[in-house]
Each structure stands twice: as C-alpha cells, then as structure tokens.
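These are the residues of each chain, in order.
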Amino acid sequence: MNSILSDRIINMEESATLAMAKKARELKSQGIDIIGLSLGEPDFKTPKHIQEAAKDAIDEGKYFSYPPVAGYQDLREAIAKKLREENEISQAKAENIVVSTGAKHSIANVFMCMINEGDEVVIFSPYWVSYAEIIKLAGGIPVLIEGTLENNFKATAAQLEAAITPKTKAVIYSSPCNPTGSVFSKEELEAISEVILKHDNIMVIADEIYELINFVGRNYSIASFPGMFERTITVNGFSKGYAMTGWRVGYICAPLFMAKAVEKIQGQFTSGGTGIAQRAALAGISGDQTPSKEMAEAYFKRRELVMGLLKEIPGIKTHVPEGAFYFFPDVTAFFGKSAHGKTINNADDLCLYLLEVANVSLVTGAAFGAPSCVRLSYAASEEELKEALGRMKKALGELA
C-alpha cells in the first residue's frame, strides 16, 4: 500500500529522539530496567501554581470553546511584555505574537509560510533533529555550517557568510543549543547579525526554547540588536523552562507580516492551541519564577555530576555545556571496536550497543548533523545519572 502514501512522507526521516525513546519503552515493557537519557524531557513536575491555574480555568468553564487562532490576548500581551523587559526586544507587541501547539509547531508554521521550492536555509550544526526535515517538507534545501568540538560546536559568522547564496531565504540556530548545550555570546550574535543585515530578504529563526536553562548569565536575543527585529522570528515556549512538555504551548515573536502569515496557516491547520494549556502558560510566564530558577540550579548541579563521571570514561571527549540539559561527547575512539558479538562502526551502533548491553538509551549524533557524537540528556535524577554512567563506563570498557 506504499503507493497510497505521498513522496513527502516516504522520504521524511523519523525523529531519532522519538525513535530511540520508543525502543526504550518497548524494552521497558518487557521488564528490562532501561534508563532513558534520550529525550529532552524535564523530570520535574509542572510547578504547582501553573497546575492550579489550569484547574481554575476548568472550573470557570470559560475556556472550552475554540480559542483565538493566534492565542488569547492576555497571554500574547504577557509574552510581549516578557520579551520587552527580559530580552530587550523593545518592539515586541501582542500583535507580533502567535501562540502554537509547542515550539516545534511554531517552527513548522514559519517554514511553511516562508519557503518556496528550492529555497535554501542555513542551519547552524549540530542542530535539533526536526529542523532539516521540516525545511525539506516545505520544499527547501538545508545547508549545514558545522561547529567543532574545539569551538564548543558553534559555527561562526564567517562560515555563515560563506554559505549564503542567492537562494538563501533563512538562517536557523538554537541558543542554548539542542543538542550541544552551547550558548552564543553577545559578540557572536552581533557578528551574525552584521552578516544578515548585509543581505536583503534573509530572515533569522532564533530558537530560544532553552532560554531559562542557562549557566553563563543572561541569554541574548538577536532580535534585540539594531535592525534585527524586522529580520528575526524568535521561537520560544514553555516546555523546558517550566516543565510543561505535555502541555504543548509554544510561540513566535515576529514582524507583523510574518505573524499574520503564521496566524493564517495555523487557522487552516490547527486553529488555536488548547485553551486550558494557554491559561496554564499565562500563570507560568506572569507568575512566580522561583520554580524555574530552582530547576535551572538543579540542572547545573547535574551537569557538574555528569561532567565528572564522563571524565572517568576513557575515550570520551566532551566540551562543557553552557545551557540546556545535554552533553554531546565525541565517541570516535570506540569506532572499530567490538564486544558481546557486536562491532561499533558508528555512533548509531554505539547507541544500540549501550541500549542492549548497558540498558541505557542515548541518541546518535548523526541525527543532529554530527555523526562522531552521541547526545546524552541529563534531565534525570542524580541516582539515575550515576547508575547510567556507571553502566556506560563498564560497557564501553569492554570494547576492544
């Protein structure tokens, strides 16, 4: 029956993070003690005041009908206020905000509104797994510029300049970065903005979903730099910093023409996001920020723990992540080695080896544009992390 399916779905790669999580769940269902370090899933509960806001919204009974396509006005105003005051995006207004069903949905909306067949999008690599597939789905061509381990996996403004062609329509990056945890400095973003401003009709998509999990101080938004508001779509949401992954609330802040276009396409595809989840998001962004700060502090503590444990594993090479909750170590030292009847030819093989032998799930770096690496999420308890890294050390030590 494959003839029934479209070429676009046949050619689309499955999300590697979700695929590994699925394999881990299948093994767990068989009674195997799997420690999952593959998903970007905070292990904290959604803060209490956010939960209570959702309960109150249900009890009020006012939020069961279709919400406005772009989101409730008070939520959009609160987001715009936050962006003005915390991100120094002074031009942000409610009319520039469109609330969607998660940041992934926001990104898909943007590319569907922007890309024509054959347009090129420059991706700072390593990159989040869905960027390239969404771009290809929209008819675009991903163009990767690669950061190196020695440079904390951050591609440079010079690389961006060299990658731009007459077909370039957009540039996308994340900071703090998924999968590397790297954070672009003010100076690095200024250099990127200078390149963008030299070229007409190129937009920047700045994915800031990990903004609240930042270990180096404030997070800089490229939309706040001179001349960049009209050239930038800022993507953010509530899943990571507020432990609201399952609530599915994301948003963009964009120039009015782009915000209207995204509202138009969302009106045809999904309409407005879930009303109850939006009321919870409003409590998150306008209420007590202490839980978010405490979560960030806990992630920092876990980063330090995992950093120490990784240093004890011969062959692992890694940088120090500056935000988010991932390590992205180079694992090429294990390529060509064997144990338990398995030979490690690449990062995919290593992930399957660790899943089957150590019962620890990671994600291959190939899915993120870096086939020499694997991604390890430390959004897990300290006890789980200690156990997982101990298992990994033993299993990797058996490779010869």
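All of the points below concern the structure found in this document. (Residues numbered from 1 in each chain as written. Predicted model: local features only at pLDDT ≥ 70, side-chain atom pairs only at ≥ 80, totals over all residues. Heavy atoms only, no water.)

Further remarks concern the pattern of salt bridges. Tallied over the full model, the rule gives 18 salt bridges. As a salt-bridge pair, E88 and R218 come within 3.2 Å of each other at their nearest N and O atoms. One end of the pair, E88, is in the loop between α4 (73-86) and β2 (97-100); the other, R218, is in the loop between β6 (203-207) and β7 (232-237), and 130 residues separate them in sequence. What makes E88 partly exposed here is its relative accessible area of 47%. Residue class for R218 comes out partly exposed when judged on its relative accessible area of 35%. (Salt bridge = Lys/Arg side-chain N within 4 Å of Asp/Glu carboxyl O. Helix = DSSP H or I, 4+ residues; strand = E, 2+ residues; numbered from the N terminus. Buried < 20%, exposed > 50% of the residue type's maximum accessible area, 1.4 Å probe, protein only.)

Here we take up the layout of surface pockets. Over the atoms, a rolled probe matching the size of one water molecule traces out where space is still vacant. In this structure, the second largest pocket spans a volume of roughly 510 Å³. Lining the second largest pocket are 28 residues, and of these G40, K104, W128, K240 and R248 sit closest to its centre. Contributions of two or more residues to the lining of the second largest pocket are made by α2 (16-29), α5 (103-114) and α6 (130-137). Ranked by residues supplied to the lining of the second largest pocket, first place goes to α5 with 3 residues. For the lining of the second largest pocket, the residue count by class is 13 nonpolar, 9 polar and 6 charged. (1 Å grid on protein atoms, 1.4 Å probe; cavity = no way out; pocket = protein on both sides within 12 Å on 5 of 7 lines; lining within 4 Å. Points joined across faces, edges and corners; volume = space filled by probe spheres on them. Nonpolar A, V, L, I, M, F, W, Y, C, P; charged D, E, K, R; others polar.)

From the geometry alone we can't say anything about function, so treat these as descriptive.
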